[in-house]
Amino acid sequence: MLTALDKKLLEEIADLHGEPQGAFNIRKDGEGIQRRSLEGIEIIPKKDQPGIDVIVAEGKKGQVHIPVILTLTDLTDVVYNTIDIGAGADITMVAGCGIHNPGSGQARHDGVHEIIVRKGARFLYTEKHFGEGEEGGKRILNPKTVLKIEEGAYAELELIQIRGVDDTHRETEAEVAAGGRLVMFERLLTDGEQTANSDIQVTLMGAESTARIVSRSVAQGSSKQTFYPRLMATGPGRGHVECDSIIMDQAVVRSVPEIWAKNSDAELVHEAAIGKIAGEQMIKLMTLGLTEKEAEEAIISGFLK
Amino acid sequence: MLTLEKVNLDLEVEEQKVSILQDIDITFEAGKMYALTGPNGSGKSSLARVVMGIYHPTKGKVYLEGEDITDLSITERARRGIGYTFQQPARFKGMQVKDLINIASGDNSSRKCSLLHHIGLCPDEYKERTLDDSLSGGEMKRIEIAILLAQNPRIRIFDEPEAGIDLWSFEQLIEVIKNSHNEKSVTVIISHQEKILNMVDEIALIEEGRISMRGGHDDIWPLIKESAECACRKTCPWEEESYADCPR
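Cut-offs applied
Residues numbered from 1 in each chain as written. Chains lettered and ligands numbered in written order. Predicted model: local features only at pLDDT ≥ 70, side-chain atom pairs only at ≥ 80, totals over all residues. Helix = DSSP H or I, 4+ residues; strand = E, 2+ residues; numbered from the N terminus. Buried ≥ 20, exposed ≤ 12 C-beta atoms within 10 Å, placed from the backbone. Contact = placed C-beta atoms within 7 Å. Pairing = 2+ DSSP bridges. Axes fitted to C-alpha atoms, helices over the stretch in contact; angles between N-to-C directions. Nonpolar A, V, L, I, M, F, W, Y, C, P; charged D, E, K, R; others polar. Parallel < 35°, antiparallel > 145°, perpendicular 65-115°, else oblique. Arc of directions from axis to C-beta. Core = buried A, V, L, I, M, F, W, Y, C linked by C-beta atoms within 7 Å. Expected span 1.5 Å × (residues − 1). Left-handed = near helix turned anticlockwise from the far one by under 90°.

Novice: For this particular structure, what's the right way to read the overall build of chain B?
Specialist: Helix and strand counts for chain B come out as 9 helices and 10 strands. Expressed as a percentage of the 248 residues in chain B, the buried residues total 40%. Across chain B, contacts joining residues at least 24 apart in sequence account for 64% of those joining residues at least 6 apart.

Okay, here's the thing in structure tokens:
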């Protein structure tokens, strides 16, 4: 039975109002509490370690929700999920983790996702992270995603950290086979004393493989962010990395994009920028009647959209 | 009615105080269309920015319907009904055309499509376009005008609306500005275009930060043309080469 707090967290991270449509698995405070498999989308708890296997049959279309919520303090939840998207399937998956830390201890979630998107499949994946709490206990989220995109498959990842996460170390690894396509959007906001590190490594393995990585972040207060997006091509692939950060107050942002190729037909591009909100943007929104604070919020929210 | 009274503006440029506007006295009446014209750098945009509150005058006053708004912020002036389209519209990563139209209209405007259609942009194609470098200068200018129309201010200042716009769109733009003007609005257009100057009720020529001439279109236009005689010397100082025509 979900409490009002559970529902609020689920709404925040997965836009869920009531029971999800499609297959789902809801994990709360280290245990799976609700689950539904469908024909062609099986969700099976792992026997040897915490986590689930999500197995999608060939050609299956549908939605899967696998949110995690933490509502206790002094808790470390580690989960290993394996997701297998069958050839030619078309799946939208909403994951994510919401933490409400009621105490002064630490509430931490380490989530490891191994995902394989088989030949010709299409996979849209959203992972949203959110934290809150009253007593000052730390909210820590460390997601690791290991993704394999087979020939002709398409994967789109949207990795979002909204407010309230004190510390995060995000690791994302992807291998893209011939004709495979990967699009990855990372959006991150930190404030106060929060820290965020994001390591992304994408390898383009085969001919006509492509990757587009867009990382946008806003660093406020005294927060610290570090980005290491690495795009590699061992075959004749094409890729683009764009890292863009708005820096405010006393925040620190470090962005170290790297491109690496060992094929003369590879085409890789990276762009990185760190800067404050442009004065002309603020003025434009103020000429439309917004206050300075409202204008700043609108720019940040648009930038991270 | 909007009045600028003895407005002076000094700005600091490379640690030097530079006089931008001097003793500007002008009143813009409701129901009338005005053009501010003059050479590049003469102070036209600065005057518009003083009206919008982006610059505050070093001396002098700005009145809106008799209220002294000299010290009001940009936001407060916008909320009192002053609107401004920028000569070079700001670009935003992530914000879409519909976002700015919603902010301008103050609601989730159902007029988004008709506004875009009005300025010659296909709504389906443009309402979710991001206001970033993917849009051309001409597209940005037209969107800037759609945003002002969504805001629907009483005082409408267009800063070189024709810049970067193709000829066909320019004709359409003139019609949009003319048709959206009414007896309650004040329209001020900063422009060098004869077609725009032909449609306004009054023209002010600004030179070196001062209003050097102003009056009804028919009275003043011949004088402005005359004064625009090329002052450029027709002999190259380095090569003693002569030029038959004015380079401008």
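Further notes follow.
Novice: How should I be thinking about the sheet that holds strand β5 (residues 67-68) of chain B in this particular structure?
Specialist: Backbone hydrogen bonds are what pair the strands of a sheet, in a parallel or an antiparallel way. Residues and elements named next belong to chain B. A sheet is described by the order of its strands in space; here 4 strands give the open sequence β2-β1-β4-β5, paired in antiparallel fashion. Because the sheet does not close on itself, it has two edges, and the strands there are β2 (16-28) and β5. Where strand β1 (residues 2-13) and strand β4 (residues 59-64) come together, 5 bridges link them in antiparallel fashion. Looking across to β4, one finds that Leu2 is bridged to Leu64. Packing against the sheet, helix α1 (residues 44-52) makes contact with β1, β2 and β4, and its axis sits at approximately 70° to β2.

Novice: I tried to follow the interface of chain B and chain A on my own but got confused; where do I start?
Specialist: By convention, interface size is frequently given as the accessible area that disappears when the constituent parts associate. Each side of the interface is counted separately: chain B has 18 residues, and chain A has 19 residues. Sorting the residues of the side of chain B that touches chain A by element identifies α2 (74-79), β6 (82-85) and α3 (97-105) of chain B as the ones contributing at least two each. Looking at which element gives the most residues to the side of chain B that touches chain A, the answer is α2(B), with 4 residues. Residue composition of the side of chain B that touches chain A, by class: 11 nonpolar, 4 polar and 3 charged.

Novice: Got a minute to help me understand the packing of helix α6 (residues 137-151) of chain B against helix α7 (residues 167-180) of chain B in this structure?
Specialist: The description of two helices packed together rests on the angle between their axes and the distance between the axes. Residue and element names in this part refer to chain B. It is the contact of α6 with α7, at a shortest axis distance of 12 Å, that shows an interaxial angle of 10°. With respect to their mutual orientation, α6 and α7 come out roughly parallel. In this structure, α6 uses Gly138, Arg142, Ile145 and Leu149 to contact α7, whose residues at the interface are Ser169, Leu173, Val176 and Ser180. For the contact of α6 with α7, the class distribution of residues is 4 nonpolar, 3 polar and 1 charged.

Novice: I would appreciate a short explanation of helix α1 (residues 4-14) of chain A in the present structure.
Specialist: Two residues of an α-helix separated by three or four positions point the same way, owing to the 3.6 residues in each turn. Residues and elements named next belong to chain A. For α1, the full list of buried residues reads Asp6, Leu9, Leu10, Glu12, Ile13 and Ala14. With its buried residues spanning 160° around the axis, α1 presents them on a single face. Elements in contact with the buried residues of α1: β1 (23-28), β5 (61-65), β6 (68-70), β8 (90-94), β9 (97-101) and β11 (122-133). Just past α1, the residue Asp15 takes up positive phi, approximately 55°.

Novice: Honestly, the nonpolar core in this entry has me stumped. Any pointers?
Specialist: In globular proteins that are soluble, nonpolar side chains generally tend to be buried together. Of all hydrophobic cores here, the largest spans 83 residues; its most connected members are Val51(B) and Ala146(B). For this core, the leading source of residues is α6(B), giving 8 residues. In terms of nonpolar packing, the next biggest core, distinct from the first, is built from 61 residues, Met93(A), Val94(A), Tyr125(A) and Phe130(A) among them.

Novice: What am I meant to see in α7(B) here?
Specialist: Residue and element names in this part refer to chain B. With 14 residues, α7 extends 20 Å from end C-alpha to end C-alpha; this agrees with the ideal 20 Å at 1.5 Å per step. Buried within α7 are the following residues: Leu173, Val176 and Ile177. Viewed along the axis of α7, the buried residues span an arc of 95°, placing them on a single side of the element. Every exposed residue of α7 that faces more than 90 degrees away from the buried side is listed here: Leu167, Trp168, Glu175 and Asn179.

Novice: Even after reading the chapter, I still don't get the sheet that holds strand β7 (residues 155-159) of chain B, so can you show me in this structure?
Specialist: All names here are of chain B. Sheet architecture is open: 6 strands sit in the order β6-β7-β8-β3-β9-β10, paired in mixed fashion. Since the sheet does not close on itself, it has two edges, and those belong to β6 and β10 (210-216), each with one partner. On average, each strand axis in the sheet is tilted by 15° relative to the strand beside it, whichever way the strands run. Relative to strand β9 (residues 202-207), strand β3 (residues 33-37) is paired through 4 bridges, and the arrangement is parallel. Across the sheet, Thr37 pairs through a bridge with Leu205, a residue of β9.

Novice: Sorry, what's going on with the packing of helix α2 (residues 279-287) of chain A against helix α3 (residues 292-303) of chain A here?
Specialist: Residues and elements named next belong to chain A. Remark: α2 packs on α3, axes separated minimally by 9 Å, with the N-to-C direction vectors making an angle of 115°. For the pair α2 and α3, the sense of crossing is right-handed. On α3, the residues touching Gln281, Met282, Leu285 and Met286 of α2 are Glu292, Ala295, Glu296, Ala298 and Ile299. Partitioning the contact of α2 with α3 into residue classes produces 6 nonpolar, 1 polar and 2 charged.

Geometry only, nothing functional implied.
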